[in-house]
Structure formats: structure tokens, C-alpha cells
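So the chains spell out like this:
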Amino acid sequence: MNPATRQHLQQLGLHRSPFPPTPDSVAYFQTASVERELVEASHCLRTRSGFVLLTGEVGTGKSTFLRRLLAALESEDMVVSLVFNTYLQGNDLLAAVLRDFGLPPEASAADNIDRLNRFLLERWQRQVTCVLLIDDAQNLDIESLELLRLLTCLESGQEKLLQIVLAGQPELLQSLAQPAIRQLSSRISKHVQLSALPQDRVADYVHFRLDSAGADGSIALDDAAVSALHRLSKGNQRHIHQIMDRSLYGLYGHSTTPRKIDAALIRTAAAEAGIRAPTAVRRHTWALAASLGGILVLGALALSLRPAVTHAEPSAPAQHSAITHAQPDPVYANASCLAGLGTGAQLSVAVRAEAAALLQQRADFCLQRSAQGLRATFVPHISATQLLQRQPNTHVQELQYRLQQQGHYDGQLDGRFGPLTQRALSRMQQRSFLPVTGTPDPLTLHLLSLSKPQATSSNDMDPSANGHG
């Protein structure tokens, strides 16, 4: 967390961001229905009952659900493979599955299936359950889905050797409904459907997030604000986070306790986050046509009577602003921001909006909006060629250490850029909303580096001291 963000949170009496842009499984808002779904999904995988399907719109908590499911499975010593780069298809997808299980892939799909089958059979003999989690499965084509059907055919005689979880947006249901893969659809043992929060749970969700960050009732929403928040966000948790995060900036200067967030501030924050109010649709088209006709007649009459020259008055500033002048919108970088990056060649790369929400918290990135979208500018301090060497080196060792600190890497700190490091890098990229390549590109390396170098003891960097063998 950079100093500016920490200072902002401290002024509000918070010790962490209550509405982060990334999935937060630490402070998880539990509902009876979602908890029941999590228990049932875990039971299906534990008893090897078939494969589990998880669907939901963008922002309804699929990634957080998967994280909790993954934690539950690994706590029971299951072997889990997580595949999130679903733009890989066919044998490339199968090779990614093998690599995540720690197996070197073969050249052909037949050889890869044979190697995977031998691996799964060996684990089954040890009474170890193997689970394959595939996120963003709506991107899979028919051939890849058929490949997954073949993997569900791997069995010991009475039990399936591989348990599969497919997670994706509702478009995944359309793919599974095609007759060509009806055999795969027939093997779904559990379908978890995540939906948006109803209005009566929005207030509970917001106050839970605030209290988990240390608010302890010092920040509150009135009833009108809750209604506006639900109407604008439609109960979508990602939109709730975007609106509420910007609303917190509007509380600057409010010294009274509790600090109140009203409906006007919610509407202003939603507009600044690019979330617009839903438009009303008339049920009677004839009434709409009649109204439009009347407007046209009145408009023509007004034009005929108006003066030849008019001067528009400047619009009054909004009473509520979710971002004060002291905190400019970080999406638009100015010359001072670019100059503050320091010496060295600056690199500008295109980023997704979700990644920009993470980068704007760092002082060593400048964000700019162009006609082509959002771009992040920074000064790289290390190149990929320093890591991709045949011999072990301290650069890779430091990379492994940083990935380990973030919970992505659990291998030995040996300074070798191998499959384990590549998979850990892919996980970090996926959870940071970067292109998932598994390679140390400049943006990934810079995001992994600390904004201020911190001293690391020799024991922290010693593989034997970390107990990885």
C-alpha cells in the first residue's frame, strides 16, 4: 500500500481498503445460500461425484468463490491444477493442465492424455484426489470442451480419476447446451449459480466491508443512499466496490462521527466511476410517440420565438464531489506525474481497467487515457533477459521470493526459471488483471517490485531456511 492510500485510509479510521478492486477472500461476506453452495461443491469433489459448474455475471464473486474453494481443497491435501488462460485451446490447454500438475507435456494430445492418466492413477492409488479448476471457461471452444469430456472418462473402474470445476459467465451455459457435447453436460453433478445482491442485503454487505476494515460504525449510509447504491449497482458487488471506493474520497473534511454517505454522494461517485443510472422504458409505445410529437411541435414554436443570439451561462459546480481537488483522478497523468517517475527510459503499455485500479495505488506508475484505452507509464528497472538465463541467478531468486510472499509460489528458492516459477507468475498475472503469459514481461516485473526497496535478510533468501527442500 502506497503512502497516499495509507494516509487516506487512516484519516477515515481504516486500516485496510474496504472496497478493493481485486477479489478479497480474507474479508468474505457470508450468506447462507453461498455457504451452502460452497459446502455442496466441496462435497461433490471430495466424493468424486463428477464435475462442478460455476456460473455468474461479471462481478458477482466467481473468482472469490474459486479462491475459497481452492483453499478448502488444498487444506485437505488434494492436488489442484488451476487454469485461467482459457484462450489456450485443444492440446495447448491440455499441456497447460499437465504443467500445472508438474508434468512436462508431450508433443501430441494422445501422449499428453496418456501421461496425465498415469499420473492420476498413481495419485488415486495413494488415495489422493486430483482436481482441475478452469476459470473463464466461457472462452473454451467446442473441441476443448470435448477434450474435457475425454478427461472425465479417465477412471479406475468405479471412480473418476480427475474432478473438474468449470467456472464462467452465463455464455458458458450456451456452449454446454450444444448437442455435440451433451455427454459432457450430462455429467454435471453440481451447478452453482451466483447472482447479484438483493436490496435488503446491500446495506449489510457495505457495513460488513467497512467494519472489516476497521470503521466500527464510524462511516454509515442512510436509507436513501442504500437505495441509490442498489439501483445504480444493480447489486453487482464489483460495481458496489467501485461506487463505494470513490464515495469514501467524498468524506474528506467531514469531521463529525459517524461520517454520513448520502444518496447525492452515491450518485456523484457512480457517475465518476462510469456507472450510469438505468433508463426507464415506457410500456406504451403509442404514448411515447404522442409525447415525442408534442415535444417536436413545442420545439419548433420555441425556435421561432427565440432571440437571434444567446449566451449560455456556465453550469454550477456539483454540491457533492467524490474526488476533491487534493486528490485528482489518477487515470489522467500530467507532466509532474511523468517527471516524478525519475530518470531512465519510460515505457508505456496498454492495461485493462481492472489493472489500472491496482496501478493507481502505486506512486511509480502514471496512468493515461487515450483513444485506444488506458495506458500505464513507468520506468523499468530490470529486463526479462536478466531472468531468462540458463544458469541460476539472484534475479530469479528474488522473483521467486516476491511471488512466494504474495502466496503464488511454493517451490524452492533456487534461482532457476522453471515450470513452477512460470506457473506462479501466471497466477500473479491473472490475479493482477495482466495478460497471462507466464513470462516476465516489463509490466509484470515492475508490478512485483517494491515501490521502496526493503532490506531482506540472508535467511529470507536462503532456500534451506524456507524449508522448501
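(A) Spotlight on the nonpolar core. By size, the foremost hydrophobic cluster in this structure holds 31 residues, and its most contacted members are V206, L221, L229, M244, L248, I261 and I266. Within the residue set of this core, elements represented by two or more residues are α9 (199–212), β6 (219–221), α10 (223–233), α11 (237–249) and α12 (263–272). With residues near it in sequence (within four places) discarded, L221 still touches V206, H207, L210, V226, L229, M244, I261 and I266. With 30 residues, the next largest nonpolar core counts L53, I134, L140 and L154 among its residues.

(B) Representation of α11 within the structure. The first and last C-alpha atoms of α11 sit 19 Å apart over 13 residues, in line with the 18 Å expected at 1.5 Å per residue. For α11, the set of buried residues is I240, H241, I243, M244, R246, S247, L248 and Y249.

(C) Local environment of the side chain of R427. Structurally, the position occupied by R427 is in helix α17 (residues 419–431). Every residue in contact with R427, bar those within four places of it in the chain, is listed here: F84, D100 and H408.

(D) Region of interest: the packing of helix α2 (residues 32–46) against helix α3 (residues 62–75). Following both chains from N to C, one finds α2 and α3 inclined at 45°, their axes separated by 11 Å at the closest point. With respect to their mutual orientation, α2 and α3 come out oblique. Here α2 runs over α3; the crossing is right-handed. Judged by residue contacts, V34, E35, E37, L38, S42 and L45 of α2 engage F65, R68, L69, A72 and L73 from α3. Partitioning the contact of α2 with α3 into residue classes produces seven nonpolar, one polar and three charged.

(E) Structural view of the pattern of salt bridges. This structure, assessed with the given rule, holds 19 salt bridges. With its nearest N and O atoms 2.5 Å apart, the salt bridge here joins E40 to K190. With E40 in helix α2 and K190 in strand β5 (residues 188–194), this pair connects stretches of sequence that are 150 residues apart. On the basis of relative accessible area, K190 is assigned to the buried category, the value being 13%. The partner of R423 in a salt bridge is D100, with the nearest N and O atoms 3.1 Å apart. Residue R423 is located in helix α17, and its partner D100 is located in helix α4 (residues 90–100); the two are separated by 323 residues in the primary sequence. Summarising the burial analysis for this pair, R423 and D100 share the class buried. Counted as one network, the salt bridges with shared partners bring together E37, E40 and K190.

Procedures and definitions
- Residues numbered from 1 in each chain as written.
- Predicted model: local features only at pLDDT ≥ 70, side-chain atom pairs only at ≥ 80, totals over all residues.
- Heavy atoms only, no water.
- Core = buried A, V, L, I, M, F, W, Y, C linked by side-chain atoms within 4.5 Å.
- Buried < 20%, exposed > 50% of the residue type's maximum accessible area, 1.4 Å probe, protein only.
- Helix = DSSP H or I, 4+ residues; strand = E, 2+ residues; numbered from the N terminus.
- Contact = heavy atoms within 4.5 Å.
- Expected span 1.5 Å × (residues − 1).
- Axes fitted to C-alpha atoms, helices over the stretch in contact; angles between N-to-C directions.
- Parallel < 35°, antiparallel > 145°, perpendicular 65-115°, else oblique.
- Left-handed = near helix turned anticlockwise from the far one by under 90°.
- Nonpolar A, V, L, I, M, F, W, Y, C, P; charged D, E, K, R; others polar.
- Salt bridge = Lys/Arg side-chain N within 4 Å of Asp/Glu carboxyl O.

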